[in-house]
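Report on the structure
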Amino acid sequence: MIAKQVIEDLIKAGIKAPSGHNTQPWLFNIVEDGLEIHPDFTRALPVVDGDNHALYISLGCAAENVVIAANHTGLHGEVHLASETKASAYVQIHLEKAATAQPDALYKYIDRRQSTRNEYTEKPVSPEDLERLANAFDFPEVRLMLFTAKEEIQDLRPFIIEGSDRQFANKAFVDELASWIRFSKSSAKKTGDGIWVSSMGIPNLGKWIGKFMMKNLVTAKSE
């Protein structure tokens, strides 16, 4: 039997995974031999993620965090996808004591990982890191494409701009995005989810002023 505190620590690691608009669309269920991670469709994004593919990616990220944290505590996590129907698919993680300790160097980054929407530096990603990323991406029916040359990036710019134009021309998209933005530190602390404006380099505005600006002043051009 795995101690309750250990299970709670694994869940804390799981909920630090990334998710679209930081909706955290998961429900954890503690079972006798481990954990289950179920989709929470009340936190779905019907406009920007109409088929819930990003929601399920988020569940996979949470499961990865749990497995990494389990390895750190001397446990082995075995992941399975379970479902009665496609709409009810969820993740099962069977936990047992590991035969040999396999600490993962990524564990320390679970607490440090963050998403920032501020301007990036122009420092390129090192060739060594790009090679490690490419070598880690060997999955059936999945292809990784790296764009690093300036010419390649310039070729992508029109598509990125068009995508942004189309999104911000869609009132439903803007309304959905605004509903998940936390315009003050107190709001971010209270909800524990969503996008805090500080991550975008914007000062605390307050809910009503922030929503007015978001819906009336933020455009595809400003983005």
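Here, the structure is the one placed above.
1. Let's talk about the sheet that holds strand β2 (residues 34-39)
Pairing is antiparallel in the open sheet, where four strands are placed in the order β1-β2-β4-β3. Two strands bound the open sheet, and with one partner strand each, they are β1 (26-31) and β3 (75-82). Averaged over all pairs of adjacent strands, the angle between strand axes in this sheet comes to 20°, irrespective of strand direction. In the sheet, β3 pairs with strand β4 (residues 90-97) via eight bridges, with the strands oriented antiparallel. By the bridge assignment for β4, Leu-81 is matched with Val-91. Each of β1, β2, β3 and β4 is contacted by helix α1 (residues 4-14), which is oriented at about 160° to β1, the strand it contacts most. The sheet contacts of helix α2 (residues 53-72) involve β1, β2, β3 and β4, and relative to β2 the element is tilted by about 165°.

2. What to know about the environment of Thr-73
Tracing the sequence through the fold places Thr-73 in the loop between α2 and β3. Expressed as a C-alpha distance, the spacing of Thr-73 and Leu-10, which sit 63 residues apart in the sequence, is 9.3 Å. Reaching out from Thr-73, the side chain makes a polar contact with the backbone oxygen of Ala-70 at a distance of 2.9 Å.

3. Structural notes on the nonpolar core
Counting residues in hydrophobic clusters, the biggest one holds 23 residues, and the most contacted among them are Leu-10, Ile-37 and Ile-93. At the level of secondary structure, the elements contributing two or more residues to this core comprise α1, β2, α2 and β4. A total of nine residues in this core trace back to one element, the largest contributor, which is α2. When near neighbours in sequence (up to four residues on either side) are disregarded, Ile-93 contacts Asp-33, Gly-34, Leu-35, Ile-37, Ala-63, Val-66, Val-67, Gly-77, Glu-78 and Val-79.

4. Structural notes on the pairing of β2
With five of six residues buried, β2 is to be regarded as a mostly interior element. Hairpin remark: β1 followed by β2, antiparallel, with two residues in the connecting loop. In the sheet, β2 pairs with β4 via four bridges, with the strands oriented antiparallel. By the bridge assignment, Gly-34 is partnered in β4 with His-94.

Procedures and definitions
Throughout, residues of each chain are indexed from 1 in the direction in which the sequence is written. For a predicted model such as this one, the threshold for reporting local features is a pLDDT of at least 70, and the threshold for listing and counting side-chain atom pairs is 80 or more; totals across whole chains, interfaces and linings nevertheless cover every residue. The side-chain quantities take in all heavy atoms of the structure and omit both hydrogens and water. In this scheme, strands are said to pair when DSSP sees at least two bridges between them. Labels follow the DSSP assignment, with helices taken as runs of H or I lasting at least four residues and strands as runs of E lasting at least two, numbered in each case from the N terminus. With axes taken as lines fitted to C-alpha atoms, and helix axes fitted only over the stretch in contact, angles between N-to-C directions fall between 0 and 180 degrees. When checking whether two residues touch, look at their non-hydrogen atoms; a contact exists if any pair is within 4.5 Å. In protein, a polar contact means a hydrogen-donor-capable atom and an acceptor-capable atom, both N or O and within 3.5 Å, with residues adjacent in sequence counting only if both atoms are side-chain atoms; elsewhere, any N or O pair within 3.5 Å suffices. For the purposes of this section, nonpolar cores are sets of buried Ala, Val, Leu, Ile, Met, Phe, Trp, Tyr and Cys residues that join through side-chain atoms within 4.5 Å. Throughout, exposure labels follow a simple rule: accessible area from a 1.4 Å probe, protein chains only, divided by the maximum for the residue type, with under 20% read as buried, over 50% as exposed, and the rest as partly exposed.

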